[in-house]
Amino acid sequence: MTRTVYVNGHYLPEHEATVSIFDRGFLMADGVYEVTSVLDGKLIDFDGHIKRLHRSLGELDMAAPCSDEDLITMHRELVALNNIDQGMIYLQVTRGNPGDRSFVFPPADLPPTIVAFTQDIPNLADAPAAKTGFKVISIPDLRWDRRDIKTVQLLYPSMGKMMAKKAGVDDSWFVEDGAVTEGTSNNAYIVKGNRIITRQLSTDILHGITRVAVLRFAAEAQFEVEERPFTIEEAQGADEAFSTAASIFVMPVVEIDGKPVGTGKPGPVATRLRELYLDEMRKAAV
Ligand code: PLP
């Protein structure tokens, strides 16, 4: 089946969808994005993703591309047109096409470019990787200093993923000033006894939508939550570690820089949080 994608108000077969070479997203990485997971044909935590989209746009002085109602309608339409039961919807909004290349922002009334597409992942909830866990390496965090804005400038995270691949592992955790910031495309956590430790929100990390929900479920399940930086050494000596993102939910991390974390297998806390997250978010899906 040919995928149907969305470009500026039109639903098109993917091979007919085009964006100008002058688009600010293409030339300047001047755009933001969101990735919403789909389970049972429904959107997971869409409200959270829309709120963060508005925040990212606001931080870059970009206007909302359309109403929230239009966005949810478009997401649901893409799910239906592509018959998605489990998978993801990628949404990107750029500053648009000024018709030439310039470092100066175009006038604020230039229409943004909006594109969206589905990714069909039939075993998203039941991902085999969740049973074995991720192995990660640590690498220096060489990204810009506004990681709280979800921009499309993903070259360094992509390089980080390739460094992991070359090292024969699943992901990289970024380290800055001796402490872990986050994963290439996920937030990072460690578990010590009944305590879940993750870096506090700031411009150093993306404010994960999955993070908000997981910390809420953790607190409700009587875990202590401590928001502070931690080092790779502390993580290697922790009982468990895990990462969260809309694409992986809660993913156990079983090895860091070649050293096993805890038993070297997915631990009970990460496993429980993953179950809790999936159960609760499925109930609340729209
Ligand atoms: N941190 C980074 C750098 C990310 O790219 C992502 C997701 O893409 C996350 C954290 C997790 O965010 P979310 O839970 O909203 O998917």
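Not measured: the values here are computed from a predicted model.

Trainee: How should the domain arrangement of the protein be read in this particular structure?
Mentor: For the protein, the assigned domains are domain 1 (4–120) and domain 2 (129–284). The straight-line distance from the C-alpha centre of domain 1 to that of domain 2 is 26 Å. Approximately 1,900 Å² of surface area, both sides summed, lies buried where domain 1 meets domain 2, with 62% of it carried by carbon and sulfur atoms. Across the domain 1-domain 2 interface, the total number found is 3 salt bridges. The partner of Arg-282 in a salt bridge is Asp-40, with the nearest N and O atoms 2.9 Å apart. There are 7 residue pairs in polar contact (both at pLDDT 80 or more) connecting domain 1 and domain 2.

Trainee: Looking at this structure, I do not really get the pairing of strand S14 (residues 249–256). What am I missing?
Mentor: As a general feature of sheets, a regular strand has side chains that alternate between the two faces. Burial analysis of S14 places 8 of its 8 residues in the buried class, which makes it a mostly covered element. Pairing analysis gives 3 bridges linking strand S7 (residues 134–140) to S14, with the strands arranged parallel. Considered in S14, the bridge of Phe-134 is made with Val-253. With 5 bridges joining them, strand S13 (residues 240–245) and S14 adopt antiparallel strand pairing. Bridge pairing links Thr-244 to Val-250 in S14. In this antiparallel pair of consecutive strands, S13 and S14, the connection spans 3 residues. By the bridge criterion, 2 bridges tie S14 to strand S15 (residues 259–260) in an arrangement that is antiparallel. Bridge pairing links Ile-256 to Lys-259 in S15. Counted along the chain from S14 to the antiparallel partner S15, the turn is 2 residues long, and its residue Asp-257 has a positive phi close to 50°.

Trainee: What am I meant to see in the nonpolar core here?
Mentor: One broad rule of soluble globular proteins: the nonpolar side chains tend to lie buried together. Counting 29 residues, the largest nonpolar core has Leu-39, Ile-196, Phe-223, Phe-242, Val-250, Leu-273 and Tyr-277 as the members making the most contacts within it. Contributing elements (two or more residues each) for this core: strand S3 (31–39), strand S5 (87–94), strand S10 (187–192), helix H6 (209–220), S14 and helix H8 (268–284). The biggest single contributor to this core is H8, with 6 residues. Taken together, domain 1 (4–120) and domain 2 (129–284) each give at least three residues to this core, which thus spans both. Those residues within four positions of Val-250 in sequence are excluded, and the remaining contacts are Val-214, Phe-242, Ser-243, Thr-244, Ala-270, Leu-273, Arg-274 and Tyr-277. Core analysis: the next-biggest nonpolar cluster, separate from the first, contains 21 residues, Tyr-6, Leu-71, Leu-78 and Ile-114 among them.

Trainee: What is the right way to read the environment of Ile-248 from this model?
Mentor: Checked against the element boundaries, Ile-248 lands in the loop between S13 and S14. Among the residues examined, Ile-248 registers a relative accessible area of 14% and is labelled buried. Sequence separation between Ile-248 and Val-104 is 144 residues, and the spatial gap between their C-alpha atoms is 37 Å. Excluding residues within four positions of it along the chain, Ile-248 makes contact with Phe-134, Asn-186, Ser-243 and Arg-274.

Trainee: What exactly am I supposed to notice about the site of the ligand here?
Mentor: In the neighbourhood of the ligand, 17 residues make up the surrounding shell, with Arg-52, Glu-182, Ile-209, Thr-210 and Ala-246 lying closest. Within the side chain of Lys-150, one N or O atom sits 2.8 Å away from an oxygen atom of the ligand. Within the backbone of Ala-246, an N or O atom sits 2.8 Å from an oxygen atom of the ligand. Summarising the interface, the protein chains cover 92% of the accessible area of the ligand, which totals 390 Å² for the free molecule. Looking at the shell around the ligand, the elements that each hand over two or more residues are strand S9 (179–183), H6 and S13. Counted by class, the shell around the ligand contains 5 nonpolar, 8 polar and 4 charged residues.

Thresholds applied
- Once a new chain begins, its residue numbering starts again from 1 and follows that chain's sequence as written.
- Local features in this predicted model are restricted to residues of pLDDT 70 or higher, and side-chain atom pairs are both shown and tallied only at a pLDDT of 80 or more, whereas totals for entire chains, interfaces and linings draw on every residue.
- With hydrogens and water stripped out, all remaining heavy atoms of the structure feed into the side-chain values.
- Annotation comment: domain bounds sourced from an automatic or database domain assignment.
- By definition, the buried area sums, over both parts, the 1.4 Å-probe accessible area that each loses when the two are put together.
- Salt bridge, as applied in this entry: a Lys or Arg side-chain nitrogen positioned within 4 Å of an Asp or Glu carboxyl oxygen.
- Polar contact is the term for a pair of N or O atoms within 3.5 Å; when the atoms are in protein, one must be able to donate a hydrogen and the other to accept it, and sequence-neighboring residues count only if both atoms are side-chain atoms.
- Only protein chains enter the area calculation, which uses a 1.4 Å probe; residues under 20% of their type maximum are buried, those over 50% are exposed, and those in between are partly exposed.
- Helix and strand assignments follow DSSP, with helices taken as H or I runs no shorter than four residues and strands as E runs no shorter than two, numbered in order from the N terminus.
- If DSSP finds at least two bridges between two strands, the strands pair.
- Here, nonpolar core refers to any group of buried Ala, Val, Leu, Ile, Met, Phe, Trp, Tyr and Cys residues whose side-chain atoms link them within 4.5 Å.
- For this analysis, residues touch if any pair of their heavy atoms sits within 4.5 Å.
- Being near a molecule or strand, for a residue, comes down to having at least one heavy atom within 4 Å of it.
- Residue-level accessible areas treat just the shown protein chains as cover; the underlying method is Shrake-Rupley with a 1.4 Å probe.
- Classes in brief: Ala, Val, Leu, Ile, Met, Phe, Trp, Tyr, Cys and Pro nonpolar; Asp, Glu, Lys and Arg charged; the others, Gly included, polar.

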